[in-house]
Amino acid sequence: MTTQTNNHKLLLIALISSLAINLLFIGAIVGRVLNGPPAGPFPNHLGWIVRDLDPAVRQTLAPELQAHAQKVRPVRQEMRLAQRAFHQALLADPLDDVALAAALNDLEQTSSTYQALMHSEMLNIFRKLNPDERARAAKFLRHQDRRRKSKHDNSTATQAKP
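How each quantity is defined
Residues numbered from 1 in each chain as written. Predicted model: local features only at pLDDT ≥ 70, side-chain atom pairs only at ≥ 80, totals over all residues. Heavy atoms only, no water. Helix = DSSP H or I, 4+ residues; strand = E, 2+ residues; numbered from the N terminus. Buried < 20%, exposed > 50% of the residue type's maximum accessible area, 1.4 Å probe, protein only. Areas by Shrake-Rupley, 256 points an atom, 1.4 Å probe, with all protein chains shown as cover. Patch = residues over 30% accessible without salt bridge, like charges linked within 9 Å, V, L, I, M, F, W, Y side chains within 5 Å. Salt bridge = Lys/Arg side-chain N within 4 Å of Asp/Glu carboxyl O. 1 Å grid on protein atoms, 1.4 Å probe; cavity = no way out; pocket = protein on both sides within 12 Å on 5 of 7 lines; lining within 4 Å. Points joined across faces, edges and corners; volume = space filled by probe spheres on them. Nonpolar A, V, L, I, M, F, W, Y, C, P; charged D, E, K, R; others polar. Expected span 1.5 Å × (residues − 1). Polar contact = N/O pair within 3.5 Å; in protein donor to acceptor, adjacent residues only side chain to side chain. pLDDT = per-residue confidence, 0-100. Contact = heavy atoms within 4.5 Å. Core = buried A, V, L, I, M, F, W, Y, C linked by side-chain atoms within 4.5 Å. Bend = angle between axes of the 7 residues up to and from the residue.

Participant: Help me understand the overall build of the protein in this model?
Facilitator: Looking only at helices and strands, one finds 5 helices and 0 strands in the protein. Secondary structure of the protein in N-to-C order comes out as α-α-α-α-α. When the 162 residues of the protein are sorted by exposure, 22% land in the buried category. For the protein, the accessible surface area stands at approximately 12,400 Å², while carbon and sulfur atoms represent 61% of it.

The following block contains the structure:
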C-alpha cells in the first residue's frame, strides 16, 4: 500500500509541476500579447528617431543614444521630482501662493533644461541622417502632432458637454 501511496504522491507532484509550468508559459504569452514586445535597445526618449531606419544606421547611432539617455537620466528625475512638488503645492490646503509659484518656477527651469538637452541631441542625430531618413522623422513628428491635436480636441469637446 505504501508503494501505491508513493506513486500517487509522485503523480500529484508531477501534475502540479506540469500545471505550474503551463501557467507560466500561458502567462508569458498573455503578457506579451497585452504589453507588446519587449523594449528595443533604444531609449524611449529619442528612440522614435531611429525606429524606422535601416538596422546599420540604428546600430551606428545606438551607443550615442544610450550615452545620451545616461546623461539626461538625472535631469528627468529632477523633472519628476519638480512635477511632484508642484502637484503637492497645488493640492495644499490652504493654498500657499509663494510655495506654488516656487514649485512652478522650479518645474519650468527643470523642464527647460531637459528640453534643451533633448533638442541638442536631436540636432546631433539629424545631422547624421540622410534626407530620406530625416523625411521619415519629419513624417513621424507630423503624425504625432495630429494625434496630440486630435486628442486635445476630443478632450475639449468632452469637457464642453453639459
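Anyway, onward from the coordinates.
Participant: It is not clear to me how a nonpolar patch on the surface should be interpreted in this structure. Could you clarify?
Facilitator: A surface patch of nonpolar side chains, about 370 Å² in accessible area, is lined by Leu19, Leu23, Ile26 and Val30. One can find Leu23 in helix 1 (residues 2–35). The class for Leu23 is exposed, based on a relative accessible area of 52%.

Participant: How should empty space enclosed by the protein be read in this particular structure?
Facilitator: Empty space left among the atoms is revealed by rolling a probe the size of a water molecule over them. Tallying each qualifying case throughout the model produces 1 cavity of 30 Å³ or more. Lining the largest cavity, in full, are Trp48, Ile49, Arg51, Asp52, Leu53, Glu133, Arg136, Ala137 and Phe140. Those elements that provide at least two residues to the lining of the largest cavity are helix 2 (44–50) and helix 5 (131–160). By residue number, the principal contributor to the lining of the largest cavity is helix 5, which donates 4 residues. The class makeup of the residues in the lining of the largest cavity is 5 nonpolar, no polar and 4 charged.

Participant: Sorry if this is basic, but what is going on with helix 4 (residues 97–127) here?
Facilitator: Every α-helical turn comprises 3.6 residues, leaving residues that sit three or four positions apart pointing alike. With 31 residues, helix 4 extends 45 Å between its outermost C-alpha atoms, agreeing within 8% with the 45 Å of an ideal straight helix rising 1.5 Å per residue. When helix 4 is considered as a whole, its buried residues turn out to be Leu100, Ala103, Leu107, Thr110, Tyr114, Leu117, Met118, Glu121, Met122, Ile125 and Phe126. At the N-terminal boundary of helix 4, the capping side chain belongs to Asp96, with an oxygen 3.1 Å from the backbone nitrogen of Val98.

Participant: Could you clarify how one ought to interpret the confidence of the model for the protein in this entry?
Facilitator: In low-pLDDT segments, the atomic positions of the prediction should not be examined closely. Considering every residue of the protein, the mean pLDDT works out to 80; 80% of them sit at 70 or more. Confidence drops under pLDDT 50 across residues 38–43; counting only partners more than four residues distant or on other chains, this segment forms 11 contacts.

Participant: What's the story with the nonpolar core in this structure? I'm lost.
Facilitator: Soluble globular proteins tend to bury their nonpolar side chains together. Judged by nonpolar contacts, the single largest core of 21 residues is most densely connected at Leu46, Trp48, Ile49, Ile125, Phe126 and Leu129. At the level of elements, helix 2, helix 3 (55–91), helix 4 and helix 5 are the ones that each hand at least two residues to this core. Per-element accounting of this core gives the leading share, 7 residues, to helix 4. When neighbours within four sequence positions are excluded, Leu46 is seen to be in contact with Leu65, His68, Met118, Glu121, Met122 and Ile125.

Participant: Looking at this model, I keep getting lost on helix 3. Mind explaining?
Facilitator: Most pronounced at Leu61, the bend in helix 3 amounts to some 40 degrees, and the proline Pro63 follows within four residues. Along helix 3, the residues classified as buried are Leu61, Ala62, Leu65, His68, Ala69, Val72, Val75, Met79, Ala82 and Ala89.

Participant: Would you mind showing me how to read the pattern of salt bridges here?
Facilitator: Oppositely charged side chains are able to pair whenever their charged atoms sit close together. Enumeration over the complete set of coordinates arrives at 2 salt bridges. Residue Lys128 pairs with Glu64 through a salt bridge whose shortest N-O separation is 2.3 Å. Here Lys128, found in the loop between helix 4 and helix 5, pairs with Glu64, found in helix 3; they are 64 residues apart in sequence, far enough to count as distant. Among the ionic pairs, Asp132 bridges to Arg136, the shortest N-O distance being 2.7 Å. Taken as a pair, Asp132 and Arg136 lie in helix 5 at a separation of 4 residues, close to a single helical turn. In this structure Asp132 comes out as partly exposed when scored by relative accessible area, which is 46%.

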